[in-house]
Amino acid sequence: MSLRIKLLLVALSTLALPWAGWQFVRQVELLLREGQEQALLASAGMLAKAVEARGIASPPSGAVLYVQPARDRIVVDGYADDWSELRPFAQALGPQQDAQRLRVTLASSKGDLYLLAEVRDATRTRFDPADPRTAVSDHVELALEQAGETRRYRLSSAAPGAFDAPAIGEGELPPAHLAGMLQEDGSGYRIEMRLPHGVMPGRIGFALHDAASPGVVAAELRRVIAYDEAAARSLQALVPAHARARVVASDGWLVADAGKLDAAGVAPRDAPGGFANFVYRVLIAPSFAGSAQLDGTRPRLDASEVWQALSGIPATSWRAADRDGAVVLTAAIPLQGDDGQHGALVLEQANRALPLLANRALVGLASATLVAMAIAAAILLLFGASLSLRIRRLRNAAERAVRTSGRLDGPMPLADSPDELGDLARSFAKLVDEVAAYTDYLRTLASKLSHELNTPLAIVKSSLDNLDHQELPVAARPYLSRARDGAERLGTIVRAMSEASRVERAIASAEAEDFDLRALVAGCADGYRALCGERELRVDLPPAGVPFHGAPDLIAQALDKLFDNACSFTPADGWIALSLHSVADTAVVRVANQGPQLPPTMQERLFDSLVSMRERSSRGGEAPHLGLGLYVVRLVAELHRGRADAANLADGSGVAFSIAMPGMSRRRLAEGTSDRAS
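Reading the values: rules and limits
- Residues numbered from 1 in each chain as written.
- Predicted model: local features only at pLDDT ≥ 70, side-chain atom pairs only at ≥ 80, totals over all residues.
- Heavy atoms only, no water.
- Helix = DSSP H or I, 4+ residues; strand = E, 2+ residues; numbered from the N terminus.
- Contact = heavy atoms within 4.5 Å.
- Phe/Tyr/Trp six-rings, centres within 6.5 Å; stacked < 30°, edge-to-face > 60°.
- Buried < 20%, exposed > 50% of the residue type's maximum accessible area, 1.4 Å probe, protein only.
- Lys NZ or Arg CZ within 6 Å of the ring centre and 35° of its normal.
- Polar contact = N/O pair within 3.5 Å; in protein donor to acceptor, adjacent residues only side chain to side chain.
- Pairing = 2+ DSSP bridges.
- Axes fitted to C-alpha atoms, helices over the stretch in contact; angles between N-to-C directions.
- Salt bridge = Lys/Arg side-chain N within 4 Å of Asp/Glu carboxyl O.
- Core = buried A, V, L, I, M, F, W, Y, C linked by side-chain atoms within 4.5 Å.
- Left-handed = near helix turned anticlockwise from the far one by under 90°.
- Nonpolar A, V, L, I, M, F, W, Y, C, P; charged D, E, K, R; others polar.
- Patch = residues over 30% accessible without salt bridge, like charges linked within 9 Å, V, L, I, M, F, W, Y side chains within 5 Å.
- Areas by Shrake-Rupley, 256 points an atom, 1.4 Å probe, with all protein chains shown as cover.
- pLDDT = per-residue confidence, 0-100.

1. Quick notes on the overall build of the protein
In terms of regular secondary structure, the protein is built from 12 helices and 23 strands. Sequence-distant contacts, at least 24 apart, represent 64% of the contacts inside the protein between residues at least 6 apart.

2. Quick word on the packing of aromatic side chains
One pass over the full model with this rule turns up 3 aromatic pairs. Relative to Phe548, the ring of Phe515 lies with its centre 5.8 Å away and its plane at 70°, an arrangement referred to as edge-to-face. Of this pair, Phe515 sits in strand E17 (residues 513–516) while Phe548 sits in strand E19 (residues 547–550), and the two are 33 residues apart along the sequence. Considered together, Phe515 and Phe548 belong to a single accessibility category, that of buried residues. Where Tyr528 meets Phe563, the ring centres are 4.2 Å apart and the plane angle is 5°; that geometry is what we call stacked. Placement of the pair is Tyr528 in helix H9 (residues 517–532) and Phe563 in helix H10 (residues 552–569), with a sequence separation of 35 residues. The ring of Tyr189 has Arg126 lying over it, and the distance from NZ or CZ to the ring centre is 4.8 Å. Geometry around Trp253 places Arg300 over its ring, the cationic atom sitting 5.3 Å from the centre.

3. What to know about the side chain of Asp121
You can see Asp121 is positioned in the loop between strand E4 (112–120) and strand E5 (139–146). Classification of Asp121 by relative accessible area gives buried; the value is 4%. A polar contact is formed between the side chain of Asp121 and the side chain of Thr123, at a distance of 2.8 Å. In contact with Asp121, other than residues within four places in its own chain, are Arg101, Asp138, Ser187, Gly188, Tyr189 and Asp210.

4. Looking at the environment of Gly202
Inspection of the secondary structure puts Gly202 in the loop between strand E9 (188–194) and strand E10 (203–209). The exposure class of Gly202 is partly exposed, given its relative accessible area of 37%. In this structure, the C-alpha to C-alpha distance between Gly202 and Gly148, residues 54 residues apart in sequence, is 8.7 Å. Beyond its immediate stretch of four places on either side in the chain, Gly202 contacts Glu145, Gln146, Arg222, Arg223 and Val224.

5. Considerations on the sheet that holds strand E18 (residues 536–540)
Overall, mixed pairing links the 5 strands, which are arranged E18-E20-E21-E23-E22 in an open sheet. Each edge of the sheet is formed by a strand with only one pairing partner; in this case those strands are E18 and strand E22 (643–648). Going across the sheet, the axis of each strand differs from the next one's by a mean of 15°, ignoring polarity. Looking at chain direction, strand E21 (residues 586–594) and strand E23 (residues 654–661) are connected through 8 bridges and run antiparallel. Residue Ala592 lies in a different strand from E23, and its bridge partner there is Ala656. Contacting E18, strand E20 (575–583), E21 and E23, H10 runs over the sheet at an angle of about 20° to E21.

6. A look at the pattern of salt bridges
With the rule as written, the count across this model stands at 20 salt bridges. The partner of Glu348 in a salt bridge is Arg244, with the nearest N and O atoms 2.9 Å apart. One end of the pair, Glu348, is in strand E16 (residues 340–351); the other, Arg244, is in strand E12 (residues 243–248), and 104 residues separate them in sequence. We note that Glu348, like Arg244, is buried. A salt bridge links Glu348 to Arg319, with the shortest nitrogen-to-oxygen separation between them at 2.7 Å. Placement of Glu348 in strand E16 and of Arg319 in strand E14 (residues 315–320) is noted, with a sequence separation of 29 residues between them. Taken as a pair, Glu348 and Arg319 share a single burial class, namely buried. Via salt bridges that share partners, Arg244, Arg246, Asp295, Arg319 and Glu348 belong to a single interconnected network.

7. What to know about the nonpolar core
One finds Leu517 and Phe657 to be the most contacted residues of the largest nonpolar core, which totals 47 residues. Looking at this core, the element that brings in the most residues is H10, giving 9 residues. Among all residues touching Leu517, those that are not within four sequence positions of it are Val546, Phe548, Ile555, Leu580, Ala587 and Val589. Core analysis: the second largest hydrophobic core is formed by 41 residues, Val51, Ala256, Val306 and Leu345 among them.

8. Concerning helix H11 (residues 629–639)
Counting buried positions over the 11 residues of H11 gives 9, a clear majority of the element. Of the positions making up H11, those classed as buried are Gly629, Leu630, Tyr631, Val632, Val633, Arg634, Leu635, Val636 and Ala637. The positive-phi residue at the C-terminal boundary of H11 is Arg641, with phi of around 55°.

9. Focus on the packing of H10 against H11
For any two helices packed against each other, the geometry comes down to the angle between their axes and how far apart the axes lie. Two elements in contact, H10 and H11, have axes separated by 9 Å at closest approach and are oriented at 145°. Taken as a pair, H10 and H11 cross one another with a handedness that is left-handed. The residues of H11 that touch H10, namely those facing Leu554, Ile555, Ala558, Lys561, Leu562 and Asn565, are Gly629, Leu630, Val633, Val636 and Leu639. Of the residues in the contact of H10 with H11, the class split is 8 nonpolar, 2 polar and 1 charged.

10. Some words on a nonpolar patch on the surface
Together, Ile5, Leu8, Leu9, Leu12, Leu15 and Leu381 line one region of the surface with nonpolar side chains, adding up to about 500 Å² of accessible area. Per element, the largest residue contribution to the nonpolar patch is 4 residues, and it comes from helix H1 (residues 3–12). Within the fold, Leu381 resides in helix H6 (residues 353–403).

11. Notes on the environment of His197
The topology assignment puts His197 in the loop between E9 and E10. C-alpha separation for the pair His197 and Leu113, spaced 84 residues apart in sequence, amounts to 7.8 Å. Residue contacts for His197: discarding those within four places in its chain leaves Lys110, Gly111 and Asp112.

12. Section: the confidence of the model for the protein
Put simply, the protein has an average pLDDT of 81, and 84% of its residues get 70 or more. The model gives residues 616–621 a pLDDT under 50, and that stretch makes 9 contacts with residues more than four places away or in other chains.

13. Considering unusual backbone geometry
In this structure, Ala80 is a non-glycine residue whose phi angle is positive, near 65°. With a phi angle near 60°, Ala584 is a residue other than glycine that sits in the positive phi range. With respect to the secondary-structure elements, Ala584 resides in the loop between E20 and E21.

14. Details of the packing of H9 against H10
Between H9 and H10, the least distance of the axes is 11 Å, while the angle of their chain directions is 35°. The way H9 lies across H10 gives a crossing that is right-handed. Touching Leu517, Leu520, Val521, Cys524, Tyr528, Leu531 and Cys532 of H9 are Pro552, Ile555, Ala556, Leu559, Asp560 and Phe563, all from H10. Residue classes in the contact of H9 with H10 are distributed as 12 nonpolar, no polar and 1 charged.

Have a look at this one:
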C-alpha cells in the first residue's frame, strides 16, 4: 500500500468530525423540542385552568354513553347499513367477560336519537315484548331516565321485523312504548330503533339477557353525552393561535374542540422540501412516537397520551404531520373538578420551523464539513505527494550508489533538510561514503598486492633456483618441485593483478576516437571462431556500419573478457551468440551463451572486483581466476557512459551479458591542446 493511500485512509478519520457535528445537531434539536414541550405543557395548564374556571365543556365523571352526530339519514330497518361510519366507535357493554357480546351505538340526526344494539348470540329463544315469557328469553333490556323518572323496556321479537316494546315502570316523560326493528344473522341479532322526537334521556342503560345463561342482570345507567357546540365556541376564544385544543371525557370521547393545526412562522418558499423532510425524519429526529390516533377528527381519542392524562399524569409526544413536512407537538393534561378528575385537555401545535432550522443547521454542517474535508484531503494529498517524491529521490540516489559502487554524481538528496528524512539522507550519505571508500580499497587492492608480492616472490624464486644447483636428498626433490609449482601459480596471480592495474590505468588515460563499431565486433568474432572449438558461434550484426566514438582497444579487450567468460561456462556442444544493435543513441553489445543460470543474488555483484563463480579455478593445475575480468568489462562500459548487465535467458537455456554504451564524451579542441602542451 502506497504512502498516499495510507494518508488518504488517515484523512478518512476526519469523518469523525461530521459525525460529532451530526450528534450535536441532534442534541440541539432534542433540547429545542424539550423546550417546546415545556412551553406547550404550560400553555395547556393555563388553558385547563381557564376551562375549569369558566365551566366550559365540563365532562361528567364515570362511564358515559356517547352520542355521535350522523351526517347521513338513518333508516330504521335493522340492517345497520347507515351506521358504517359510526360502528367503529361502538361501545361494548356488560360484564368484562362478555364485553364483546353487546355493542351499542348512539347517534343523533335532526334532533332525534337513534340506537343500534348488536348482540352476539347463536341461540334462538325470543318472544314478543308483550309476552310474559320475554323475561326469561333472549332480549336486551333498555333503561331510560329523564328528569328523574326511569322506565325499562324489553327489546325482543319472536321473528325478524318490527316490534313494539311497552314500558315497565311508572312515569310520564319516558314514552310508554318504543318501536324498533330486529334482524338476525348466523352470529346473533341487531336491534335498531329511533326514540320519539324530542325524547332525550339524561341517562341510558343496557343489559343483555340470554336464555342459555339465566340470571338477573340489571341495566347500568350511564350519563349520555354528545359533542357540545356551545362549549366549542367558548373554547375557541381561549385557544392559542395555530393550535388545536380538544376536551375529552373519562373514556376518551370528544366533548369539544377548537382551533386548527396550521404551521406558522415559515414562508411557503422557505418550507422544507421532500428531501429535507426525509433528512430530518431519518437523520435528525427518527423517533416520533406520537399516536396516529390523534390525527384528523375522531369522536373518540384512543391514544396513549390521552390515557396517560386520564390517569392523572401529563403527557407529551411528537408525530409527523400529514402534509407540509411539519411536526405536531401534543400535550395532554388531566382536567380536575370539585368531584375529582373528570376528563382531559389535549392541546396540539404544528411546527415547521423546527425541521427547517434543524435542516439548515445540518446542511450548513454538511457543507462546512465537505469543504473542510476537501481542504484537508487536498493538503494531505499534497503532503503525501511531496513526501513520496522526497522518499523516491532518496531511494533513487541509494540505488544509483549501489549500482556505481558508492559513487554519486552529486550530493545526497535531502541531506540539507532539517527533518527526519534529512537525518536519514545524511545517514545514507555516510554509508555511501564508507561503501565508496571500501570499493576504492578493493579496486586498488590488486595493484597493491602485486607490488608488495613481487619482491618476496622474486626472493622465493631465486632461492628455489639456488636449491636446484645444490645436492639434495632424493626424498627432498618432490618438495622442491611442489614449492616451484606454488611459486609459479603465485606469480601468475601477481601478473593477473598487475594486468588489472594496467587496464585501470589504461582506462583512466584512454583517448577516444571515431571508428566503426560493427567492423570491430566483426573482427573480434572472426578471431573467436578458432577458439570456440566444437561450440557454435552465432553472430548477429546490423547490415550497415555503426559509427562510434570511444576507445576501440578497450572495447575489444572487454569483448575478449566476455567471450572468455562465455567459453568457461558453455558445454563443448553448446552455442555462443554475439550480437550488436543500436537503441536510440546507445550501442548495445550482447554476448549470450548456453549453460547454467546465474543466481538472483549474483546478477548485480558479478561486475564487482574479486567476485567469481568459478569454484574450481583455485584447485588443481588450472590457472587461478580472481574475478577481475567482468570488473574490467564494467570499467570499460562506465568509461563509455554506459553500464554492463547480466541476466538469465527467458527460456532458461543460459545467460546473457550486455554492454550498453552511448559513447565517450567528445573533448573540446582547447582541452586537447592544453593536455598536449602539458
